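Below are the chains, spelled out letter by letter.
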Amino acid sequence: MTSIKRAIGISFSLFGIWLLQACSVSYSFTGTNINYDIIKTFSVDNFFNDSGGGPANMEQLFTESLKDFYQRNTQLELIRNNGDLQFSGAITRYTINPQATVTTTDPNLPDRAGQMRLSITVEVEYVNTVKEDENLKRSFSFFKDYDPRSTSILQVESVLIEEIFESIIQDIFAATVANW
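### Re helix α2 (residues 58–73)
Phase 1 of the analysis: Here α2 spans 22 Å end to end across 16 residues, near enough to the 22 Å set by a 1.5 Å rise per residue.
Phase 2 of the analysis: Turning to α2, its buried residues number three or more, namely M58, F62, T63, L66, K67, F69 and Y70.

### As for the packing of α2 against helix α3 (residues 153–176)
Phase 1 of the analysis: One can describe the packing of α2 onto α3 by two numbers: an axis separation of 10 Å at closest approach and a directional angle of 50 degrees. Classified by the angle their axes make, α2 and α3 are oblique. α3 is crossed by α2, and the crossing has right-handed handedness. Across the interface between the two elements, M58, L61, F62, S65, L66, F69, Y70 and N73 of α2 pack against I161, E162, F165, I168, I169, Q170, I172, F173 and T176 of α3.
Phase 2 of the analysis: For the contact of α2 with α3, a count of residues per class yields twelve nonpolar, four polar and one charged.

### Considering the packing of aromatic side chains
Phase 1 of the analysis: For the structure shown, the criterion picks out nine aromatic pairs.
Phase 2 of the analysis: Between F47 and F62, the ring centres sit 4.9 Å apart and the planes meet at 65 degrees, which makes this aromatic pair edge-to-face. Highlighted residues: F47 in the loop between β1 (41–44) and β2 (48–49) and F62 in helix α2, separated in sequence by 15 residues.
Phase 3 of the analysis: Note on F47: relative accessible area 2%, which makes it buried.
Phase 4 of the analysis: Pairing F69 with Y70 gives two aromatic rings, centres 6.4 Å apart and planes at 70 degrees, and the pair type is edge-to-face. Residues F69 and Y70 agree in their burial class; the two are buried.
Phase 5 of the analysis: Through a chain of ring-to-ring contacts, three or more aromatic side chains come together here, namely F42, F69, Y70, F87, Y126 and F173.

### Brief notes about the pattern of salt bridges
Phase 1 of the analysis: Tallying each qualifying case throughout the model produces six salt bridges.
Phase 2 of the analysis: The residue E163 makes a salt bridge to K144 at a minimum N-O spacing of 3.9 Å. Of this pair, E163 sits in helix α3 while K144 sits in strand β6 (residues 136–146); the two residues are 19 residues apart in sequence, bridging distant segments of the chain.
Phase 3 of the analysis: A residue is classified by how much of its surface remains accessible, and E163, at 33% relative accessible area, is partly exposed.
Phase 4 of the analysis: A relative accessible area of 28% places K144 in the partly exposed class.

### Quick look at the side chain of T176
Phase 1 of the analysis: Along the chain, T176 falls in helix α3.
Phase 2 of the analysis: Within the structure, T176 has its side chain in polar contact with the backbone oxygen of I172 (distance 2.8 Å).
Phase 3 of the analysis: With sequence-adjacent residues up to four places away left out, T176 is seen in contact with Y70, F87, Y126, E134 and L136.

The rules behind these values
- Residues numbered from 1 in each chain as written.
- Predicted model: local features only at pLDDT ≥ 70, side-chain atom pairs only at ≥ 80, totals over all residues.
- Heavy atoms only, no water.
- Helix = DSSP H or I, 4+ residues; strand = E, 2+ residues; numbered from the N terminus.
- Expected span 1.5 Å × (residues − 1).
- Buried < 20%, exposed > 50% of the residue type's maximum accessible area, 1.4 Å probe, protein only.
- Axes fitted to C-alpha atoms, helices over the stretch in contact; angles between N-to-C directions.
- Parallel < 35°, antiparallel > 145°, perpendicular 65-115°, else oblique.
- Left-handed = near helix turned anticlockwise from the far one by under 90°.
- Contact = heavy atoms within 4.5 Å.
- Nonpolar A, V, L, I, M, F, W, Y, C, P; charged D, E, K, R; others polar.
- Phe/Tyr/Trp six-rings, centres within 6.5 Å; stacked < 30°, edge-to-face > 60°.
- Salt bridge = Lys/Arg side-chain N within 4 Å of Asp/Glu carboxyl O.
- Polar contact = N/O pair within 3.5 Å; in protein donor to acceptor, adjacent residues only side chain to side chain.

Treat this as a map of the structure, not an account of what it does.
Given below as structure tokens:
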């Protein structure tokens, strides 16, 4: 009985190996749909801060983060101008708004914000010089909340901005070159 089970196990293993060799599927860890034989470069214009808010270096941080993300997750070469894929745009919204109020039991104290939300919107123009039907101009937004009772915006602003930019850049990546 043991030899029969062993023979069946070996047969299934051999069949599995054969199946893996017979069926060839190509996967990318980043999920890109870039044909690197045709598309070889990308360029990123400096993004502008048209929001009227945020730290002075915010647009530079976004521009550099976008470049870094595409360099890490594609085989494309970053060039100064006129890449096969081109990115440009602006940060169009930077707002901090209360999300939840905390009511006090003391009638002499006003209600306070228990949660604040930092929201950022970036408008991106993406030009694919090889496949022009993939061009897009779209806004990408994300937000992060923080508790103003335990921290101030100055203490968490840089971390929140980095986290928001990371999410926005992932959305841009998915909308432009990923199969998602």
